[in-house]
Amino acid sequence: MKYKRILLKLSGEALMGNRQYGIDPERLSEYAKDIKEITELGVEVAIVIGGGNIFRGVAGAMHGMDRVQGDHMGMLATVINGLALQNALEDAGIKTRLQTAIKINEVAEPFIRRKAMSHLNKGRVVIFGGGTGNPYFTTDSAAVLRAIEIEADVILKGTRVDGIYTADPEKDSTAVKFDRISFEDVLKKGLKVMDTTAFTLSQENNLPIIVFDMNKKGNLLKVVTGENIGTKVNQ
Ligand code: UDP
């Protein structure tokens, strides 16, 4: 196993499958199977889940909503996704804990770093909901922050595209994929991997990021066994 402890970042949109909104139960159960496969090999898995399939604070602000109020809604959206993911993982026979950055004690544990690490040591999958708990941040920042806190070896950013390209491959057919790229080159070339806050935090803490296509079955396993898929960003 190339990585012992991983932080998997899934966007809210990833949970939509082919829908326009909300959560696709089939997509969730496919993710659960992929995650189960790697936990059975002894990989410790923590997950940060986004909320963009339900609500984004920025989108609310564009329609005149108070930004902080909208961000609170966005953070709660990530908790809804976390509960759905937890359900799918438990259905697949995986032991899980959901920890949230905003306390909702009847529903989930509060985020406590030492507890999270102890769950991981026991082979439980830990889902982190509620982002960082602060407005004006994203779940990408939460992913990097939690990954550093729990001493994960790598952040795996599961997306719809299979890596980082010289240009947007959905718009430019001449775009070429990088197998590996340095933090510095991502910044120099102005490529989008994560928002700047998240990306800088990762760079400063020398935490590698792998961007890969999570929607292809078996890809997660390939990444954790060190197969050269997706794009790896490191120093
Ligand atoms: N959010 C926030 N603070 C955080 C993380 C998320 O306020 O630390 C809010 C923000 O409004 C964001 C929404 O939650 O738009 C959903 O998160 P994100 O956009 O990162 O989800 P994703 O794009 O990964 O689905």
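Calculation notes
Residues numbered from 1 in each chain as written. Predicted model: local features only at pLDDT ≥ 70, side-chain atom pairs only at ≥ 80, totals over all residues. UniProt positions renumbered as here; feature names shortened; annotations may be inferred. Buried ≥ 20, exposed ≤ 12 C-beta atoms within 10 Å, placed from the backbone. Helix = DSSP H or I, 4+ residues; strand = E, 2+ residues; numbered from the N terminus. Arc of directions from axis to C-beta. Contact = placed C-beta atoms within 7 Å. Core = buried A, V, L, I, M, F, W, Y, C linked by C-beta atoms within 7 Å. Expected span 1.5 Å × (residues − 1). Axes fitted to C-alpha atoms, helices over the stretch in contact; angles between N-to-C directions. Parallel < 35°, antiparallel > 145°, perpendicular 65-115°, else oblique. Left-handed = near helix turned anticlockwise from the far one by under 90°. Nonpolar A, V, L, I, M, F, W, Y, C, P; charged D, E, K, R; others polar. Near = placed C-beta within 6 Å. Pairing = 2+ DSSP bridges. Right-handed = clockwise from strand over helix to strand, strands pointing away.

You'll find the protein chain entered in an unreviewed UniProt entry as Uridylate kinase, with Winogradskyella eximia given as the organism. Quoted verbatim from the Subunit (unreviewed entry) heading of the UniProt record, the comment on the protein chain is "Homohexamer." What the UniProt record of the protein chain gives under Catalytic activity (unreviewed entry) is the line "UMP + ATP = UDP + ADP".

A. Geometry of helix α7 (residues 196-204). Within α7, burial applies to Ala 198, Phe 199 and Ser 202. An end-on view of α7 places all buried positions within 95° of arc, on one side of the element. Of the exposed residues in α7, the ones pointing more than 90 degrees away from its buried face are Thr 196 and Glu 204. Lining the buried residues of α7 we find α5 (139-149), β6 (154-159) and β8 (209-213). At the exit of α7 stands Asn 206, carrying a positive phi of roughly 55°.

B. The arrangement of the nonpolar core in detail. Ranked by size, the top nonpolar core spans 60 residues in total, and within it Ile 6, Leu 7, Val 45, Ala 46, Ile 47 and Ile 155 carry the most contacts. What Ile 6 contacts, discounting residues up to four positions off in sequence, is Val 43, Val 45, Ala 152, Asp 153, Val 154, Leu 156 and Val 224.

C. Helix α3 (residues 67-91), seen in detail. For α3, spanning 25 residues, the distance from its first C-alpha to its last is 36 Å, which sits close to the expected 36 Å at 1.5 Å a residue. Gly 93 occupies a position one or two residues after α3 and carries a positive phi of about 90°.

D. Region of interest: the packing of α5 against α7. Interhelical geometry of α5 versus α7 gives an angle of 15° and a closest axis separation of 8 Å. Classified by the angle between their axes, α5 and α7 sit roughly parallel to one another. The interaxial crossing formed by α5 with α7 has left-handed handedness. Contacts from Asp 140, Ser 141, Ala 143, Val 144 and Leu 145 in α5 reach Thr 197, Ala 198, Leu 201 and Ser 202 in α7. Taken together, the residues of the contact of α5 with α7 sort by class into five nonpolar, three polar and one charged.

E. Region of the structure containing the UniProt feature "binding site: ATP" (unreviewed entry) in the protein chain. Using the residue numbers shown here, the UniProt feature "binding site: ATP" (unreviewed entry) corresponds to Lys 9, Leu 10, Ser 11, Gly 12, Gly 52, Arg 56, Thr 159, Tyr 165 and Asp 168. Taken along the chain, the residues just named run across 160 residues; in space they spread out, the farthest C-alpha pair reaching 25.7 Å. Along the chain, the position of Ser 11 falls in the loop between β1 (5-10) and α1 (25-39). On the neighbour-count criterion, Ser 11 (23 C-beta atoms within 10 Å) is buried. Setting aside anything within four residues of it in sequence, one finds Ser 11 in contact with Gly 50 and Gly 52.

F. Highlighting the site of the ligand. The local shell around the ligand holds 25 residues, among which Gly 50, Gly 52, Gly 57, Gly 74 and Gly 131 are the closest. Looking at the shell around the ligand, the elements that each hand over two or more residues are α2 (57-62), α3 and α5. The element contributing the most residues to the shell around the ligand is α3, with six residues. Its residues assigned to classes, the shell around the ligand comprises six nonpolar, 15 polar and four charged.

G. Spotlight on the pairing of strand β2 (residues 44-49). Burial runs high along β2: six of the six residues are buried. Going residue by residue along β2, you find Glu 44, Ala 46 and Val 48 tucked away on one face and Val 45, Ile 47 and Ile 49 tucked away on the opposite face as well. Sheet topology places β1 next to β2; six bridges connect them, and they run parallel. Bridge pairing in β2 links Lys 9 to Val 48. What joins β1 to β2 is α1, and the crossover it makes is right-handed. Examined bridge by bridge, β2 and strand β5 (residues 125-129) share three bridges and lie parallel to one another.

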